[in-house]
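A structural walkthrough
This is what each chain is made of:
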Amino acid sequence: MLAKRIIPCLDVKNGQTVKGINFENLRYAGDPVELAKKYSQQGADELVFLDITATNEKRKTIVELVERVAKNVFIPFTVGGGINSIEDIRAILQAGADKVSINSAAVKNPELINECVNYFGSQCIVIAIDAKKIGNSYKVHINAGKKDTGIDLIDWAKEVEKRGAGEILLTSMDFDGTQKGFDIEMNKLVSKAVKIPTIASGGAGADSKHFRDVFEKTEVDAALAASIFHFDTLPICTLKKDLENFGITTRKIK
């Protein structure tokens, strides 16, 4: 079995890390640079930085802050938020990121995925998908979850893969911030439908069994969390030890 990855996420607004529930009621969670340093030292496998209001505010990701974070981490670093073009991606990668995450812009213009993959390579392009259960199926949402596109989640995941994306960052809007565990049903559907790596996001709580369940019951390659790491309710080193005890292989802490 390939080692499963544990990924902290920095949701950033106005230069500060924030966290909410179901994409609403955001609260301050710490300085992004200091948190990034902490996670790099604690043994995180990767780090995700999302400028969560960039799209709705129609502005670019804060490149200067990306540079400061990149200088303080020694693990793969993915940046998303307000990325709409080849030029945006070039600026983010030059600032020190290893990968970029594209969400709303890819839904509005799917051809952008092909263009970015052809220019930078699949390994650099992560497609973030925010989904919510509507009736009996999951629908893709954009603009920080504020707009229901009506697009079927599985159809979009397959299209993203076909267009060459290297990875999918899948967030359950229904489970986001609830700390009740990951959306097993949704993650199972997507991770079985595509062959590219899937990162589960939304719902992780302080119980390591939440991570065990998503790794054992679905085919996701990584699990992402925010609150439990920001507020030290479940340190990464503790989580990895628990997962090893559950028989789940993780990357060793150096």
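Structural notes, computed from the coordinates. Not measured: the values here are computed from a predicted model. (Residues numbered from 1 in each chain as written. Predicted model: local features only at pLDDT ≥ 70, side-chain atom pairs only at ≥ 80, totals over all residues. Heavy atoms only, no water.)

Brief notes about the pairing of strand β4 (residues 47–51)
- Extensive coverage of β4 is indicated by the burial of 5 of its 5 residues.
- Burial along β4 is two-sided: Leu47, Phe49 and Asp51 and Val48 and Leu50, pointing in opposite directions, are all buried.
- Where strand β1 (residues 5–13) lies against β4, 4 bridges are found, and the strand directions are parallel. Among the inter-strand pairings, Leu10 is bridged to a residue of β4, identified as Phe49.
- In this sheet, strand β5 (residues 77–80) lies alongside β4 in parallel orientation, the contact comprising 4 bridges. In the sheet register, Leu47 faces β5, and the bridge partner there is Phe77. (Buried < 20%, exposed > 50% of the residue type's maximum accessible area, 1.4 Å probe, protein only. Helix = DSSP H or I, 4+ residues; strand = E, 2+ residues; numbered from the N terminus. Pairing = 2+ DSSP bridges.)

Details of the side chain of Ser201
- Its place among the elements puts Ser201 in strand β11 (residues 198–201).
- Under the relative-accessibility criterion, Ser201 is labelled buried at 7%.
- In terms of polar contacts, Ser201 uses its side chain to reach the side chain of Thr171, at 3.2 Å.
- Sequence-distant contacts of Ser201, that is, excluding residues within four places in its chain, are made with Leu169, Leu170, Thr171, Ser172, Phe182 and Leu224. (Polar contact = N/O pair within 3.5 Å; in protein donor to acceptor, adjacent residues only side chain to side chain. Contact = heavy atoms within 4.5 Å.)

Digging into the pairing of strand β6 (residues 99–102)
- Here β6 shows two buried faces, one formed by Lys99 and Ser101 and the other by Val100 and Ile102.
- With 3 bridges connecting them, β5 and β6 associate as parallel partners. What sits directly across from Gly80, in β6, is Ser101.
- Regarding the hand of the β-α-β motif, the stretch spanning β5, helix α3 (residues 86–94) and β6 is right-handed.
- Pairing geometry for β6 and strand β7 (residues 125–134), over 3 bridges, is parallel. Its bridge partner lying in β7, Ile102 is registered against Ile127. (Right-handed = clockwise from strand over helix to strand, strands pointing away.)

Examining unusual backbone geometry
- The phi dihedral of Gln179 is positive, around 60°, even though this residue is not glycine.
- If you trace the backbone, Gln179 turns up in the loop between β10 (167–172) and α7 (184–193).
- Judged by its relative accessible area of 32%, Gln179 is partly exposed.

Function-wise, these values are silent; they only describe arrangement.
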